Amino acid sequence: MRPVTRRQSDHHAARSTATRALVTSALKRLLDSGAVFSEITVQRLLEEAGVSRATFYAHFRGKSDVLERLTDDLRDSLLELARHWDPAGDDGADRLARFFAQVIIIHRAHQYLLTAVREAASYDTSMNDFYTADLEGFDEHVLRTLYAQQADGSTPADVDATAASRIIVWGGSQAIARHIAVDDGSGDEVFAHELAQIWWHGAYRRPVG
């Protein structure tokens, strides 16, 4: 058997990248057009992407795998944004409001994609693991900041950091999703402000006792 040359290897890699891009772009178009993820069949995805079934399964495990790949960049940007928020300082509530405003902008831009992820997570174990990993990562970050703030005396010691981080992260995620679903965008600034106030004064700067 003739060995695969570097040029051949690069060619195959480029074709694989192009194929994945075709399929993920096709799924995004379908979702943006209003299609419900659970109702999008693999056949419909193949037709939209213009690839064969054999080619599809050579690159993806299934439909959920396409959705995971499509959200990779999005989840990375959201986690990076979360990691850069620092609760230190007296203007923490204002910075937190700006953080939430950015999160809402990103969520609005990818509303249909995130809806598909939440939908798939309700019945697909691998997608649920994928979806919850983001929130678990943010939960851990918030928990660390609460512990650090308690250590320097900024956050009261009687705040249960574990319970507080779960409430504000998981509850906040649901609140943002609901807000985007029912608001046309005119209330985004007010919503970000109120969510920040609840986080800041409910946990980080809760009155002692």
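The structure this text deals with has already been given above.
Keep in mind that what you see is a predicted model, and the values were worked out from it rather than measured.

Parameters at a glance
- Residues numbered from 1 in each chain as written.
- Predicted model: local features only at pLDDT ≥ 70, side-chain atom pairs only at ≥ 80, totals over all residues.
- Heavy atoms only, no water.
- Helix = DSSP H or I, 4+ residues; strand = E, 2+ residues; numbered from the N terminus.
- Buried < 20%, exposed > 50% of the residue type's maximum accessible area, 1.4 Å probe, protein only.
- Contact = heavy atoms within 4.5 Å.
- Polar contact = N/O pair within 3.5 Å; in protein donor to acceptor, adjacent residues only side chain to side chain.
- Core = buried A, V, L, I, M, F, W, Y, C linked by side-chain atoms within 4.5 Å.
- Salt bridge = Lys/Arg side-chain N within 4 Å of Asp/Glu carboxyl O.
- Phe/Tyr/Trp six-rings, centres within 6.5 Å; stacked < 30°, edge-to-face > 60°.
- Lys NZ or Arg CZ within 6 Å of the ring centre and 35° of its normal.

*Asks:* What is the right way to read the environment of Asp 139 from this model?
*Replies:* Relative to the assigned elements, Asp 139 resides in helix 7 (residues 125-151). Among the residues examined, Asp 139 registers a relative accessible area of 12% and is labelled buried. Between the C-alpha atoms of Asp 139 and Trp 170, which are 31 residues apart in sequence, the distance is 7.9 Å. Excluding its chain neighbours within four sequence positions, the residues that come into contact with Asp 139 are Ser 165, Arg 166, Val 169 and Trp 170. A distance of 2.8 Å separates polar atoms of two side chains, one belonging to Asp 139 and the other to Ser 165.

*Asks:* How do you make sense of the nonpolar core when you look at a structure like this?
*Replies:* Here is a general trend for soluble globular proteins: nonpolar side chains tend to be buried in one another's company. Counting residues in each nonpolar core, the largest one holds 58 residues, and the members touching the most others are Leu 27, Leu 31, Leu 67, Phe 99, Phe 100 and Trp 199. Of all elements in the fold, only helix 1 (6-32), helix 2 (42-49), helix 4 (63-83), helix 5 (92-109), helix 6 (111-121), helix 7, helix 8 (161-182) and helix 9 (188-204) reach the threshold of two or more residues within this core. If one sorts the elements of this core by residue count, helix 9 sits on top with eight residues. Sequence-distant contacts of Leu 27, that is, excluding residues within four places in its chain, are made with Phe 37, Ile 40, Leu 45, Val 66, Leu 67 and Leu 70.

*Asks:* Looking at this model, I keep getting lost on the pattern of salt bridges. Mind explaining?
*Replies:* Think of it this way: side chains of opposite charge can pair up when their charged atoms draw near. Inspection of every chain in the model, using the stated rule, returns eight salt bridges. The partner of Lys 28 in a salt bridge is Asp 32, with the nearest N and O atoms 2.7 Å apart. Of the two residues, Lys 28 and Asp 32 both sit in helix 1, four residues apart, roughly one turn of that helix. Taking the relative accessible area as the measure of exposure, Lys 28 reaches 36% and is therefore partly exposed. Given a relative accessible area of 39%, Asp 32 falls into the partly exposed group. Ionic pairing is found between Glu 48 and Arg 29, a salt bridge with its closest N-O pair at 2.9 Å. You can see Glu 48 sitting in helix 2 and its partner Arg 29 sitting in helix 1, a full 19 residues away along the chain. Residue Arg 29 is classed as partly exposed on the basis of its relative accessible area of 42%.

*Asks:* Explanation requested: the packing of aromatic side chains in the structure shown.
*Replies:* A complete count under the given rule lists seven aromatic pairs for this structure. The interplanar angle of 55° and the centroid separation of 5.3 Å between the aromatic rings of Phe 99 and Phe 100 together place this pair among those described as tilted. Neither Phe 99 nor Phe 100 differs from the other in exposure class; each is buried. Seen in terms of ring centroids, Trp 200 and Tyr 204 are 5.7 Å apart; in terms of plane orientation they differ by 20°. Their pairing is stacked. In this pair, Trp 200 and Tyr 204 are both assigned in helix 9, four residues apart and thus about one turn of the helix distant. In this structure, Lys 63 packs its charged tip against the face of Phe 37, placed 4.5 Å from the ring centre.

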